[in-house]
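Descriptive structure summary
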Amino acid sequence: MATDIKNAVHAVHAVEAAAVMGLLPTRPRVLALGEPTHGEDALLDVRNELFRQLVEEEGYRTIAIESDCLAGLLVDAYITSGTGSLDEVMERGFSHGLGGSEANRELVRWMRAYNTGRPAADRLRFAGIDGPLEMAAAASPREALTSLHGYLARHVDADLLPCTAPTLDGLLGADDRWTEPAAMTDPSASTGRSAEAGELRLIADDLVALLDAQTPHLGTAPSREEWERARLHGRTATGLLRYHFWMADTSPGRLTRLTGLRDLMMADNLLALAERGPTLVHAHNSHLQREKSSMRMGGLPLEWWGAGSIASARLGEEYAFFATALGTIRHRGVDAPQPGTLEGVLYALPNDLCVVDSRGLGAALADTLAAPRASAWFGYFPFEPSHLAATDGLVFIKDIPQSRSASIRPPS
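This is a predicted model, so every value here is computed, not measured.

Now for the overall build of the protein chain. A tally of helices and strands in the protein chain yields 16 helices and 10 strands. A compact globule built from 412 residues would reach a C-alpha radius of gyration of about 22 Å, and the protein chain, at 22 Å, matches this within 12%. Each principal axis of the C-alpha distribution contributes one length, and for the protein chain these read about 70 × 50 × 40 Å. Each of the 412 residues in the protein chain was classed as buried or not, and the buried ones make up 54%.

So, in structure tokens, the structure goes:
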């Protein structure tokens, strides 16, 4: 079986930049590498090495991960200019517990070392693509709104602003009204449809419109970096206020709406990064795949279009997606895959780590695979074989060692 599969897909490659690019018609502006579970540093080690090669061989300069986009500004400032300390950025620059990952620490350390002494145009950049959203709560829009308002107040006539800073502060109120944990499951505990929240949505829309209208003035060097940061604050402010509004919804579609809005925020951030230049993005397969995403939450089945499907629809061939599949995570109860499953076929190969042409693999295995693999652990999402045709490549890792496990967070 292993020899037949190799012949059918023509090649099983080492996970290297040249092999990845060899499966694509052109160098994409966004190269997406998915993972089937979180919290395993062995997966991030593969990501880190691929990014290093993409930097050195293919001219990539930005890496983006599934972490808070605003917190990520702290990491970017550290790796580009040395602002702060490594310990500080690992503590405050990541969400979802990702700052506790040794592999993420190694990535930040390497990027800082790479940038030292290099001109600004050649420096590596870091970005988070997720909104300021944790499993327990959604953030207050304060940071995003006040930062955007402050930027515009410094650069445009005060008469053009929709409100003053004190008015904005009064409408925002205490942050804990926004971050109330009960609102995740109880719409009545959300402030997202209060009169103040409604007014803030209008103000945020006007601020973003003003920023866009001032693009010829603000979006040019040397102030372009500030302008791009203001755009990020604008996207985040409007996205958060929209998310809070739907947290207060009582309809059956509430959770589906919220998962879709989160991925829309991710997609908007990805598309902005694509404007900057070639970017490697790393997140859960479900966020980056072209096919519709699905999961169960609170016992309910959810389906939504993820960030990758949105970005792919906008970017065409300039978006590429490589999913990661794996054989075992024995320390999580995920043992050798069942024969006849996609992972079972790949597990029979002699390679511990490889990348294969997923479309060729799909054609070779047409009508021969059993049902998708069943997972013994809720935190691991097996690859859906029907997605092979919509995936540019498949990275396979045979065994995940416990020695490279990071702190675990809930699945996306």
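Here the largest pocket defines a volume of roughly 740 Å³. Along its surface, the largest pocket is lined by 30 residues, and Asp76, Arg125, Glu225, Glu228 and Arg276 are the ones closest to its centre. Looking at the lining of the largest pocket, the elements that each hand over two or more residues are helix H4 (72-81), strand E4 (125-130), helix H11 (224-247) and helix H12 (254-276). The greatest single-element share of the lining of the largest pocket, amounting to 7 residues, is contributed by H11. Tallied by class, residues from the lining of the largest pocket come to 11 nonpolar, 7 polar and 12 charged.

This part is about the pairing of strand E6 (residues 293-297). The pairing of E6 with strand E7 (residues 300-304) spans 5 bridges and is antiparallel. For Ser294, the partnering residue across the bridge sits in E7 and is Glu303. A loop of 2 residues connects E6 with E7, the two strands running antiparallel in sequence, and Gly298 in this loop sits at a positive phi of about 60°.

In this section: empty space enclosed by the protein. Per the stated rule, a full pass over the model turns up 2 cavities of 30 Å³ or more. Here the second largest cavity defines a volume of roughly 30 Å³. Taken together, Leu33, Leu43, Val46, His282, Thr324, Val395 and Ile397 make up the full set of residues lining the second largest cavity. Put simply, the parts of the chain that give the lining of the second largest cavity at least two residues each are helix H3 (41-58) and strand E10 (393-399). Of the residues in the lining of the second largest cavity, the class split is 5 nonpolar, 2 polar and no charged.

Turning to helix H8 (residues 165-172), a few remarks are in order. Every buried residue belonging to H8 is among Leu168, Leu171 and Leu172, and all of these are buried. Within H8, the buried residues cover an arc of 100° as seen down the axis, which keeps them to one side. Turned more than 90 degrees off the buried face of H8, the exposed positions are Pro166 and Gly170. Backbone geometry just after H8 places Gly173 at a positive phi near 65°.

Bringing the packing of aromatic side chains into the picture now. All told, the structure shown has 5 aromatic pairs when counted by the stated rule. Ring plane angle 40° and centroid distance 5.5 Å describe the contact between Trp110 and Tyr114, whose orientation is recorded as tilted. Placement of the pair is Trp110 and Tyr114 together in helix H6 (residues 102-115), with a separation of 4 residues, close to one helical turn. For Tyr114, a relative accessible area of 14% puts it in the buried group.

Residue placement: Lys398 occurs in strand E10. As for Lys398 and Glu303, which are separated by 95 residues in sequence, their C-alpha atoms are 29 Å apart. Not counting the four nearest positions on each side in its chain, Lys398 is found in contact with Gly327, Thr328, Tyr347, Leu349, Pro350, Asn351 and Asp352. Polar contacts involving the side chain of Lys398 include one to the main-chain carbonyl oxygen of Leu349, which spans 2.6 Å.

Attention now goes to the packing of helix H7 (residues 142-155) against H11. In contact at an axis separation of 8 Å, H7 and H11 are set at 140° when each is read in the N-to-C sense. The orientation of H7 with respect to H11, classified from their angle, is oblique. Taken as a pair, H7 and H11 cross one another with a handedness that is left-handed. For the pair H7 and H11, the contacting residues are Glu143, Ala144, Leu145, Ser147, Leu148, Tyr151, Arg154 and His155 in the first and Glu226, Trp227, Ala230, His233, Gly234, Thr236, Ala237 and Leu241 in the second. Looking at the contact of H7 with H11, its residues break down into 8 nonpolar, 5 polar and 3 charged.

This part takes up the side chain of Thr236. Mapped onto the elements of the fold, Thr236 is located in helix H11. By relative accessible area, Thr236 is classed as buried at 1%. A polar contact is formed between the side chain of Thr236 and the backbone oxygen of Leu232, at a distance of 2.8 Å. Beyond its immediate stretch of four places on either side in the chain, Thr236 contacts Cys69, Leu70, Pro132, Ala144 and Met265.

Another aspect to go through is H4. Those residues of H4 that fall on the buried side of the exposure criterion are Gly72, Val75, Asp76, Tyr78, Ile79 and Thr80. Buried residues in H4 make contact with strand E3 (62-68), helix H5 (86-92), H6 and E4. In the stretch just after H4, Gly82 is the one whose phi turns positive, near 80°.

Leu31 and Val108 are the most contacted members of the largest nonpolar core, which has 44 residues in total. No other element matches the 7 residues that H3 contributes to this core. Look past the residues within four positions of Leu31 in its chain and what remains in contact with it is Val20, Met21, Leu24, Leu54, Tyr60, Thr279, Leu280, Val281, Ala320 and Phe322. The next biggest cluster of nonpolar side chains, apart from the first, holds 33 residues, and it includes Leu271, Leu288, Ala323 and Phe383.

Reading guide: rules and limits
Residues numbered from 1 in each chain as written. Predicted model: local features only at pLDDT ≥ 70, side-chain atom pairs only at ≥ 80, totals over all residues. Heavy atoms only, no water. Helix = DSSP H or I, 4+ residues; strand = E, 2+ residues; numbered from the N terminus. Rg over C-alpha atoms; globule rule 2.2 N^0.38 Å. Buried < 20%, exposed > 50% of the residue type's maximum accessible area, 1.4 Å probe, protein only. 1 Å grid on protein atoms, 1.4 Å probe; cavity = no way out; pocket = protein on both sides within 12 Å on 5 of 7 lines; lining within 4 Å. Points joined across faces, edges and corners; volume = space filled by probe spheres on them. Nonpolar A, V, L, I, M, F, W, Y, C, P; charged D, E, K, R; others polar. Pairing = 2+ DSSP bridges. Arc of directions from axis to C-beta. Phe/Tyr/Trp six-rings, centres within 6.5 Å; stacked < 30°, edge-to-face > 60°. Contact = heavy atoms within 4.5 Å. Polar contact = N/O pair within 3.5 Å; in protein donor to acceptor, adjacent residues only side chain to side chain. Axes fitted to C-alpha atoms, helices over the stretch in contact; angles between N-to-C directions. Parallel < 35°, antiparallel > 145°, perpendicular 65-115°, else oblique. Left-handed = near helix turned anticlockwise from the far one by under 90°. Core = buried A, V, L, I, M, F, W, Y, C linked by side-chain atoms within 4.5 Å.

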